[in-house]
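# Fold and geometry: a report
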Amino acid sequence: MKTCRFLLPALMAGLIFAMTSHAAPLDSFKGLSGTLDIAGGTAHIPVMKGAAKNIMTANPDIRITVAGGGSGVGVQQVGEGLVQIGNTGRALKEKEIAKYGLQSFPFAIDGALVVNPANKVRAVTAQQAQDIFAGKITNWKALGGADAPITVYTREDGSGTREVFVEKALKKGPIVASANVVNSNGAMKTAIGQDKLGIGYVGIGHVDKSVAALTFDKMVPSQENAASGAYTLTRLLYMNTKGAPSGLTKAFIDYIYSPEGSAIIEKSGYIPTGRK
């Protein structure tokens, strides 16, 4: 009986500690109110919406809006004070930092080249990727696939996903003028999922059964390989603010870096950086 009397308080204390630890990240929003507007890179949306849902559930006095538009929009809107956080799928340019006085907060690792699941081609070399997007390789047969034309999909100008892909995968090579342009990761995934002859690129967080990620230069695209550096066709995702964040904006960014935020990042298919 003495053992039972000793264990019960200990178990209760452990339970209270666990509950307190779990609630801790959201405790920082107690007493806060107002609106936080976020816009920019579309790859960030699942993470931003997941965090926003948790925060607004914990504190109904807070309203958080999340919109896309691409990295260029994120920079412009946060720089002009239209939103508090502007997301980019690339590092800020020096001229953007100088013009707007922006600060960056990298929070996740991302990147993948994809085709339709019906396509039996599952790997390309860097040179093949460059030739495909330049319009030099135009038939899947040249890659061991079906005797059928390749449909190239790309992102719009100003897209962080596009900028990183052109730099890292294409080595700043051209994209053929006939390429189909889509305006978000979601739209790219839908396009490739519906086109058996299509090839494009999306964030790793958008890869599901509707698309197949390609091995690139013998590097397998997975979260584990991206985290270890074995897969290098990756980029960082950034939250950007005008000047140092404060109040609700700072609390939101801190939450993204918390254990709960890391869990949201992983659930969205990305890899947390674990640092500011």
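What comes next concerns the included structure. Note that the coordinates shown come from a computational prediction; the quantities given were computed from them, not determined experimentally.

### A few points about the packing of helix α2 (residues 45-58) against helix α9 (residues 247-256)
- For the pair α2 and α9, interaxial distance at closest approach is 11 Å and the crossing angle is 115°. Comparing their axes, α9 and α2 come out roughly perpendicular. As α2 runs across α9, the sense of the crossing is right-handed. Every residue of α9 that contacts α2 at Val47, Met48, Ala51, Ala52, Asn54 and Ile55 is listed here: Phe252, Tyr255 and Ile256.
- Class assignment of the residues belonging to the contact of α2 with α9 gives a composition of eight nonpolar, one polar and no charged.

### Remarks on the sheet that holds strand β1 (residues 34-40)
- Within the open sheet, the six strands sit side by side as β2-β1-β3-β12-β4-β13. Their pairing is mixed. Unpaired on one side and paired on the other, β2 (62-69) and β13 (271-272) mark the two borders of the sheet.
- Examined bridge by bridge, β1 and strand β3 (residues 85-88) share three bridges and lie parallel to one another. When the bridges of β3 are listed, Gly40 appears paired with Asn87.
- Contacts from helix α3 (residues 71-79) reach β1, β2, β3, β4 (102-110) and β12 (235-242), with the element oriented near 160° to β3.

### Points about the packing of aromatic side chains
- The final tally for this structure, using the stated rule, is four aromatic pairs.
- On the basis of an interplanar angle of 55° and a centroid distance of 6.1 Å, the ring pair of Phe133 and Tyr201 is categorised as tilted. On the criterion of sequence distance, the pair formed by Phe133 in helix α5 (residues 126-134) and Tyr201 in strand β9 (residues 198-202) is long-range, its members being 68 residues apart. There is no split in this pair, since Phe133 and Tyr201 are both buried.
- Between Phe165 and Tyr201 the ring centres are 3.9 Å apart and the planes differ by 10°, which places this aromatic pair in the stacked class. With Phe165 in helix α6 (residues 160-168) and Tyr201 in strand β9, the pair connects residues that are 36 residues apart, well separated along the chain.

Calculation rules
- Residues numbered from 1 in each chain as written.
- Predicted model: local features only at pLDDT ≥ 70, side-chain atom pairs only at ≥ 80, totals over all residues.
- Heavy atoms only, no water.
- Axes fitted to C-alpha atoms, helices over the stretch in contact; angles between N-to-C directions.
- Helix = DSSP H or I, 4+ residues; strand = E, 2+ residues; numbered from the N terminus.
- Parallel < 35°, antiparallel > 145°, perpendicular 65-115°, else oblique.
- Left-handed = near helix turned anticlockwise from the far one by under 90°.
- Contact = heavy atoms within 4.5 Å.
- Nonpolar A, V, L, I, M, F, W, Y, C, P; charged D, E, K, R; others polar.
- Pairing = 2+ DSSP bridges.
- Phe/Tyr/Trp six-rings, centres within 6.5 Å; stacked < 30°, edge-to-face > 60°.
- Buried < 20%, exposed > 50% of the residue type's maximum accessible area, 1.4 Å probe, protein only.

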